[in-house]
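Read off the chains here:
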Amino acid sequence: MDKTEPIIVVGGGLSGLATALAAATQGRPAVVLEAADLVGGAAAYSGGQVWCGANHVAAREGIEDSLDLAETYIRDVARHLAPETLDDDAFTRWLQTSPAAMKFWEDLGAIAWTVIPGLADYHNEADGALPQGRYLTNEVIDGSTLGPWREKLRYSPYFPVGTTYRELLEKGRRATYVDDDGHDGTAAKHSHAGLPAFGLADDNGFDGPDAGDPLTYGTGVVASFLRRVLAEPSIDIRLAHRVTALLQDVDGAVSGVRASSPAGDVEFRGPVVLATSTYDWDPEAVSDILGLDPEDWGSVAPESIRGDGLRLARSVGGELARIPANATPILPGWRSQVGTGFGYGPEYAMPHSMIVDRSGRRYCNDSYWVDICRKTLDPDDRHLPFFLIWDDQHRRKYGLAATPPGGEYPEGWVQQGATLAELGEKLGIDGAELTKTAHRFSGFARDGKDPDFGRGSVDYVNRFAGDPDNAPSPVLGPIEEAPFYGIRLRFVGTGIGTSGVHIDGDGHVLDRSGAPIDGLYAAGSVAALTTTGTAYNSGIALGRGLTLAYLIGHELAGKPIPRQAEPTHHDHERVGDHAQMGAVHG
């Protein structure tokens, strides 16, 4: 290994910056090539949640956890859908290494961690779930410490950057509305479950900080790493450098890249780490991987996230590992009220609303994005197109997207009917069945329980979703006051995928036979989440990305992280391995 030759990191998001930092601090220079004019990628737009079982931060805050419990949790969630997609070896490597990786980053000065207080694992019903302790994020960082690079950092429009999770979750941020008697009330639009995970789009009403430049959420996590990267003279970040091809030597090993730049095409030599995130802005990839056409898809991720890493890996024999589309973390949303963008928000989880398909019937827990995606995209029983239906109580209390509570929707943006039957006709829904569905749903709402699909049964959603002042349930309310409204929904991506480049537990890109491609690695969301299979939990994408960065950076610096001995405390069946994973290739 020639340690004077730099590693070439394709992508300047969190995983890319962290990989370069790990390599450089262990003695090997790095070049980071970012296609956009800003660093941070999708991570900078995110909530900055980093999921890690049995982490040292929780331990120092007195929260008990163990690798046994974390393993139990992931395995229990993964077993319900396509359990064969979980790569047992990669899962074990990540689970055992992640705590050391998180401590490494803090000891290195890349970040000061804090536990997000009171944020529970998604799947509270699963064995091994914890009410808090596994979600980490950064302590507030002052943006001015980045110097001139502050202006080159993506700033999230989806989170109240400058405030902290503690402030958000303890005080709440509630959208004001006026009730039927003219009194002020509150609706927890800003404390909905989607905010901790994905934030809010569509003119969310977040105020900037009162003074200074405090950075939190994904912007703050990336800023923390960027500040430390800038202190390493052996790291060279090149913006507006989109990698267009991988270079190979005579033996087929990846030996460098070709990139377009403001000065023309340039080449860089060295082993390559793909850190380009997903494929949100590549319609062909969206259709191939998710089975969604443009009318059913949108994204709020940076437009530079367009599947480059997938194409580059495939060009040298890399494989796409597929995880079922209905296990992908994507949200129900809509086209924005202005411009050409897309949005999403908590309105589908608010009282006085429900989701139906063209038959006019409900089919899922329509307050919980996990179940909405799982059921809508079920390959054996798809429910596209799907629609959000609500009444005038919902409009008065909660609004929708950029329309404030009590406001009027832009002409043509939603459909409106004096009756549910009329609304159904306008939307292309069976109006008679829609009327029956709303009547049945309203009865459940008055009782505060949904025996059909369990709306209101997920603790995580109940704490952060809906209206806390609505009784008897924060997410259930009758749909009975005219006029009635509806909109065709679409799935909206945030730069987090599940299918992607097939890697092993150490980040080596694998070919069709399952063998590593010499000189090629992948970190972050460009790589398929075979690490956890279908067991997605918010924070896993960033947590795994930082763990892979730690492993790859050390290996390329000639200091590989040793594997721990195989655990003997779990008498479990091995769910998947590289050979078995061939079934999910595409």
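Now for a description of the structure that goes with this document. (Residues numbered from 1 in each chain as written. Predicted model: local features only at pLDDT ≥ 70, side-chain atom pairs only at ≥ 80, totals over all residues. Heavy atoms only, no water.)

1. Considerations on the overall build of the protein chain
Helix and strand content of the protein chain: 16 helices and 26 strands. Per-residue burial over the protein chain gives 64% buried out of 586 residues. Taken as a whole, the protein chain presents about 21000 Å² of accessible surface, with 48% of it coming from carbon and sulfur. (Helix = DSSP H or I, 4+ residues; strand = E, 2+ residues; numbered from the N terminus. Buried < 20%, exposed > 50% of the residue type's maximum accessible area, 1.4 Å probe, protein only. Areas by Shrake-Rupley, 256 points an atom, 1.4 Å probe, with all protein chains shown as cover.)

2. Let's talk about the packing of aromatic side chains
On inspection of all chains with the given rule, the structure shows 18 aromatic pairs. Arranged with centres 5.0 Å apart and planes meeting at 70°, the rings of Phe 104 and Trp 105 form a pair that is edge-to-face. Among the aromatic side chains, those forming a connected cluster through ring pairs are Trp 51, Tyr 73, Phe 91 and Trp 94. One cation-aromatic arrangement involves Lys 152 over Trp 149; the distance from NZ or CZ to the ring centre is 4.5 Å. Just above the ring of Tyr 45 sits the side chain of Arg 154; from NZ or CZ to the centre is 5.7 Å. (Phe/Tyr/Trp six-rings, centres within 6.5 Å; stacked < 30°, edge-to-face > 60°. Lys NZ or Arg CZ within 6 Å of the ring centre and 35° of its normal.)

3. Details of empty space enclosed by the protein
Within the structure shown, the criterion is met by five cavities of 30 Å³ or more. By volume, the largest cavity amounts to about 580 Å³. Every element with two or more residues in the lining of the largest cavity is listed here: helix 1 (14-25), helix 2 (41-45), helix 7 (194-198), strand 11 (242-248) and helix 16 (540-556). The dominant element in the lining of the largest cavity, judged by the number of residues it contributes, is helix 2, at four residues. Size it by volume and the second largest cavity reaches roughly 50 Å³. (1 Å grid on protein atoms, 1.4 Å probe; cavity = no way out; pocket = protein on both sides within 12 Å on 5 of 7 lines; lining within 4 Å. Points joined across faces, edges and corners; volume = space filled by probe spheres on them.)

4. Structural notes on the sheet that holds strand 12 (residues 254-261)
Strands sit in the order 11-12-13 across an open sheet of three strands; the sheet is antiparallel. Unpaired on one side and paired on the other, strand 11 and strand 13 (264-269) mark the two borders of the sheet. This sheet shows a mean twist of 25° between the axes of neighbouring strands, independent of strand direction. Two elements, strand 11 and strand 12, share six bridges in a ladder whose sense is antiparallel. Looking at the pairing, Gln 248 lines up with Val 254 of strand 12. (Pairing = 2+ DSSP bridges. Axes fitted to C-alpha atoms, helices over the stretch in contact; angles between N-to-C directions.)

5. Considerations on the side chain of Ser 46
With respect to the helices, strands and loops of the structure, Ser 46 is situated in the loop between helix 2 and strand 3 (50-51). Excluding residues that lie within four positions of it along the chain, Ser 46 makes contacts with Phe 159, Tyr 217, Gly 218 and Leu 542. (Contact = heavy atoms within 4.5 Å.)

6. Brief notes about the layout of surface pockets
Each pocket or cavity is described by its volume, and for the largest pocket that value is around 460 Å³. Residue contributions to the lining of the largest pocket peak at six residues, all from helix 11 (residues 369-376).

7. Points about helix 13 (residues 420-427)
Within helix 13, the full set of buried residues consists of Leu 420, Leu 423, Gly 424 and Leu 427. End-on, the buried residues of helix 13 take up no more than an arc of 100°, which puts them together on one face. On its buried face, helix 13 sits against strand 20 (386-390), strand 21 (415-417), helix 14 (431-447) and strand 22 (484-488). Of the residues trailing helix 13, Gly 428 is marked for its positive phi of about 80°. (Arc of directions from axis to C-beta.)

8. Digging into the pairing of strand 26 (residues 516-522)
By the criterion of burial, strand 26 is predominantly enclosed, with five of the seven residues buried. Of the pairings in the sheet, the one linking strand 25 (residues 508-510) to strand 26 comprises two bridges and is antiparallel in character. Opposite His 508, over in strand 26, you have Tyr 521 as the bridge partner. Once strand 25 ends, the chain turns through five residues before running back antiparallel as strand 26, passing Gly 514 with a positive phi of about 90°.

9. Regarding the side chain of Asp 504
Secondary-structure assignment places Asp 504 in the loop between strand 24 (500-501) and strand 25. For Asp 504, which is buried and forms no salt bridge, the nearest opposite charge comes from Arg 563, at a distance of 6.0 Å. At 3.0 Å, the side chain of Asp 504 forms a polar contact with the backbone nitrogen of Asp 506. In terms of polar contacts, Asp 504 uses its side chain to reach the side chain of His 508, at 2.9 Å. (Lys, Arg positive; Asp, Glu negative; His and termini not counted. Salt bridge = Lys/Arg side-chain N within 4 Å of Asp/Glu carboxyl O. Polar contact = N/O pair within 3.5 Å; in protein donor to acceptor, adjacent residues only side chain to side chain.)

10. Remarks on unusual backbone geometry
For the bond from Leu 384 to Pro 385, the omega torsion is -5°, close enough to zero to count as cis. Residue placement: Pro 385 occurs in the loop between helix 11 and strand 20. Unusually for a residue other than glycine, Ala 82 sits at a positive phi of about 45°. Along the polypeptide, Ala 82 turns up in the loop between helix 4 (67-78) and helix 5 (88-108).

11. Digging into the sheet that holds strand 15 (residues 297-299)
What the four strands build is an open sheet, ordered 15-23-17-18; its pairing is mixed. In this open sheet, the two strands that pair with only one neighbour each are strand 15 and strand 18 (342-344). Going across the sheet, the axis of each strand differs from the next one's by a mean of 50°, ignoring polarity. Two strands pair when backbone bridges link them, and strand 17 (residues 331-335) and strand 23 (residues 490-493) are joined in this way by three bridges, in the antiparallel orientation. Directly across from Gly 333, in strand 23, lies its bridge partner Arg 490.

12. Focus: the nonpolar core
One finds Trp 105, Ile 237 and Ile 389 to be the most contacted residues of the largest nonpolar core, which totals 171 residues. The dominant element in this core, judged by the number of residues it contributes, is helix 16, at ten residues. (Core = buried A, V, L, I, M, F, W, Y, C linked by side-chain atoms within 4.5 Å.)

13. So, the packing of helix 4 against helix 5
One way to put it is that helix 4 packs onto helix 5 with a least axis distance of 11 Å and a crossing angle of 140°. One way to sum up the angle between helix 4 and helix 5 is to call them oblique. As helix 4 runs across helix 5, the sense of the crossing is right-handed. Touching Leu 67, Ala 70, Glu 71, Ile 74 and Arg 75 of helix 4 are Asp 88, Phe 91, Thr 92, Trp 94, Leu 95, Gln 96 and Pro 99, all from helix 5. The class makeup of the residues in the contact of helix 4 with helix 5 is seven nonpolar, two polar and three charged. (Parallel < 35°, antiparallel > 145°, perpendicular 65-115°, else oblique. Left-handed = near helix turned anticlockwise from the far one by under 90°. Nonpolar A, V, L, I, M, F, W, Y, C, P; charged D, E, K, R; others polar.)

14. Considering the packing of helix 13 against helix 14
Geometrically, a packed helix pair is captured by the angle between its two axes and the distance between the axes. Two numbers describe how helix 13 lies on helix 14: the axes approach to 7 Å, and their chain directions differ by 130°. As far as their axial angle goes, helix 14 and helix 13 are oblique. Crossing geometry of helix 13 relative to helix 14 is assigned as right-handed. Where helix 13 abuts helix 14, its residues Leu 420, Ala 421 and Gly 424 lie against Gly 431, Leu 434, Thr 435 and Ala 438. Residue composition of the contact of helix 13 with helix 14, grouped by class: four nonpolar, three polar and no charged.

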